[in-house]
Amino acid sequence: MQPLHIILLILAYFGVLILISYITGKSANNNTFFKADNSSPWYLVAFGMIGASLSGVTFISVPGWIEGQQMSYMQMVLGYVVGYAVIGLILLPLYYRLNLTSIYTYLEDRFGRYSYKTGASFFLLSRTVGAAFRLFLVANVLQLILFDAYGIPFWVTVTITILLIWLYTFKGGIKTIVWTDTLQTLFMLIAVGVCIVTIKDEMQIESLTSYISENKLSKMFFFDDWKSGNYFWNRFFSGAFIAIVMTGLDQDMMQKNLTCRNLKDAQKNMFWFTLVLVIVNFFFLALGVLLTDYATTNEINAHKDQLFPTIAMSGELGLATSLFFLLGLIAAAYSSADSALTSLTTSFSIDILEIDKKEKNQERTRKKIHILFSIILIATILVFKYFIADASVIAKIFQFAGYTYGPLLGLYAFGLFTKLNVKDKLVPAICIASPILTYLISIFSKSQLNFDFGFFVLVLNGFITFFGLLAIKKSKNA
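The structure reproduced in this document is the subject of the present report.

## Describing unusual backbone geometry
The phi dihedral of Ala-36 falls on the positive side, at around 55 degrees, and the residue is not glycine. Judged by its relative accessible area of 0%, Ala-36 is buried. Positive phi, close to 55 degrees, is recorded for Gln-70, a residue that is not glycine. Its place among the elements puts Gln-70 in the loop between helix H4 (56-69) and helix H5 (73-98). The exposure class of Gln-70 is partly exposed, given its relative accessible area of 22%.

Structure representation (structure tokens):
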């Protein structure tokens, strides 16, 4: 695939997104930007959330996990089902009853101002680092296959990328995102489908179902070693809590749900989103089986994150595979990044500056915040590239960003399942200490006890926060 073809593809892609932005951004105001005027069709939200959930990291990484972990990831995906049920039956009714724009407003009503600001700050930190990391990975791929050929420096690539995202989100906000995510999800699923069919034909596989089910890489359930990070119950419960925290307690994901016309529509959205997400993840893993076997058969030395890009862009599977892989990768990256930028703008505007409580210049302030977070994302990506550089270190920073969701889990669990009040001013200290303590316990457990918490660190983090809040509860006489 020639660099010129890639440029034309990117220009056409963003041209469509900007057209959607123009149509959805007419007569837009802050209510449109934050809540889409509560007019989003639930089925569009459900379909679009697939793309937001499957970021560029997932698009590249999940197929590459097969070689080392087989299909064990499905254990976590099944756990997601439980987590999404909790969101639909407990969290969504709460958010709609309180008529929230930012979901962290609940913490102020329940505990107080310090808890509210702490919860919002943890989200802002985690989402900024997470979104920057995802865009960093995709920008690196685009730099390698395209911009290096034209001598364009990395910082220019990143700046143009963020500028394009800002361009199609600055006016319509979440209303635009609901529609662009739908288109981006479609591109991503087409990309996976095309790659599966192409490899199936190339390897002359008669029955794809039989091939996958009989393959030694398709082992899905692991009950043998309870100390292993792949152990079924470890992965299953981790998946449930990850879904609750990284969807139900995440402003980015919940902001889309809160644009539905009513609670009933939002719950229908969550049900169908869950069903489709399980199916889509299975197809990603099936693609991983095919890619791994194809690489082995053709003696292609590509593993993990390099597996999918190397095979898809090699040209051996035809121009259509390269084209749709690139389109799917871009769609996966930007469907995550554009909603992240919008949710960061929303949370900072509502939770930190509280512009909804001010009478003047609300829209002007929101636009300035939108520009500010665009600059912050650019700066964070450039720090990854030029100041840290080591990919393994950057990956650990991204993993540590996941630790910041633990305090949110503890705060919401304490608020929903107890009637106790806490000493609000001490909440920030508990929430800062919790992820640090979790990290130390995790390291000690792995090195001294040979027990790998894996993704279960999120649950551990939540428990530590919960018991920390219990320690600072107010007495009845206070």
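## Description of the environment of Ile-60
Looking at the element boundaries, Ile-60 is found in helix H4. Put simply, Ile-60 and Val-138 are 78 residues apart on the chain and 9.5 Å apart in space, counted from C-alpha to C-alpha. With sequence-adjacent residues up to four places away left out, Ile-60 is seen in contact with Val-141, Asp-305, Phe-308, Pro-309 and Leu-329.

## Re H5
The end-to-end C-alpha separation of H5 is 36 Å, in line with the 38 Å expected for 26 residues at 1.5 Å each. Considering bend angle alone, the principal kink of H5 is centred on Leu-91 and spans about 35 degrees; proline Pro-93 follows within four residues of it. Residue Asn-99 follows H5 closely and has a positive phi angle near 55 degrees.

## So, the environment of Ser-207
Tracing the backbone shows Ser-207 in the loop between helix H9 (174-202) and helix H10 (208-214). Considering only alpha carbons, one finds Ser-207 and Lys-227, 20 residues apart in sequence, at a separation of 36 Å.

## Re the pattern of salt bridges
In this structure the tally under the stated criterion is 13 salt bridges. Its salt-bridge partner being Asp-265, residue Lys-268 comes within 3.6 Å of it at the nearest N-O pair. Of the two residues, Lys-268 and Asp-265 are both situated in helix H13 (residues 263-297); the distance of three residues between them amounts to about one turn of the helix. Take Asp-265: its relative accessible area is 10%, and that puts it in the buried class. Here Arg-366 and Glu-363 are joined by a salt bridge, their closest N and O atoms 3.9 Å apart. Taken together, the residues span about one helical turn, with Arg-366 and Glu-363 both in helix H16 (residues 362-388) at a distance of three residues. A residue is classified by how much of its surface remains accessible, and Glu-363, at 31% relative accessible area, is partly exposed. Put simply, Glu-108, Arg-113, Lys-117, Glu-354 and Lys-357 are held in one network by salt bridges that share partners.

## Observations regarding the nonpolar core
For soluble globular proteins, the rule of thumb is that nonpolar side chains tend to be buried together. In terms of nonpolar packing, the biggest core is built from 141 residues, with Tyr-13, Phe-59, Tyr-80, Tyr-95, Tyr-334 and Tyr-412 touching the most fellow members. Ignoring sequence-local partners within four residues, the contact set of Tyr-95 consists of Leu-100, Ile-103, Gly-248, Leu-249, Met-254, Leu-258 and Tyr-412. Tyr-403, Phe-451, Phe-453 and Ile-464 belong to the second largest nonpolar core, which has six residues in total.

## Structural notes on the side chain of Ser-442
Within the secondary structure layout, Ser-442 lies in helix H19 (residues 427-448). By relative accessible area, which is 14% here, Ser-442 ends up buried. Apart from residues lying up to four places away in sequence, Ser-442 is in contact with Tyr-403, Phe-453 and Val-457.

## Digging into the packing of aromatic side chains
Applying the stated criterion to the full structure yields 31 aromatic pairs. Relative to Tyr-386, the ring of Phe-154 has its centre 6.3 Å away and its plane inclined at 80 degrees; by these criteria the two rings are edge-to-face. In this pair, Phe-154 sits in helix H8 (residues 154-169) while Tyr-386 sits in helix H16, placing the two residues 232 residues apart along the sequence. When its relative accessible area of 4% is taken as the criterion, Phe-154 is described as buried. For Tyr-386, a relative accessible area of 45% gives the class partly exposed. Sitting over the ring of Phe-154, Lys-385 keeps its end group 4.8 Å from the ring centre.

The rules we used
- Residues numbered from 1 in each chain as written.
- Predicted model: local features only at pLDDT ≥ 70, side-chain atom pairs only at ≥ 80, totals over all residues.
- Heavy atoms only, no water.
- Buried < 20%, exposed > 50% of the residue type's maximum accessible area, 1.4 Å probe, protein only.
- Helix = DSSP H or I, 4+ residues; strand = E, 2+ residues; numbered from the N terminus.
- Contact = heavy atoms within 4.5 Å.
- Expected span 1.5 Å × (residues − 1).
- Bend = angle between axes of the 7 residues up to and from the residue.
- Salt bridge = Lys/Arg side-chain N within 4 Å of Asp/Glu carboxyl O.
- Core = buried A, V, L, I, M, F, W, Y, C linked by side-chain atoms within 4.5 Å.
- Phe/Tyr/Trp six-rings, centres within 6.5 Å; stacked < 30°, edge-to-face > 60°.
- Lys NZ or Arg CZ within 6 Å of the ring centre and 35° of its normal.

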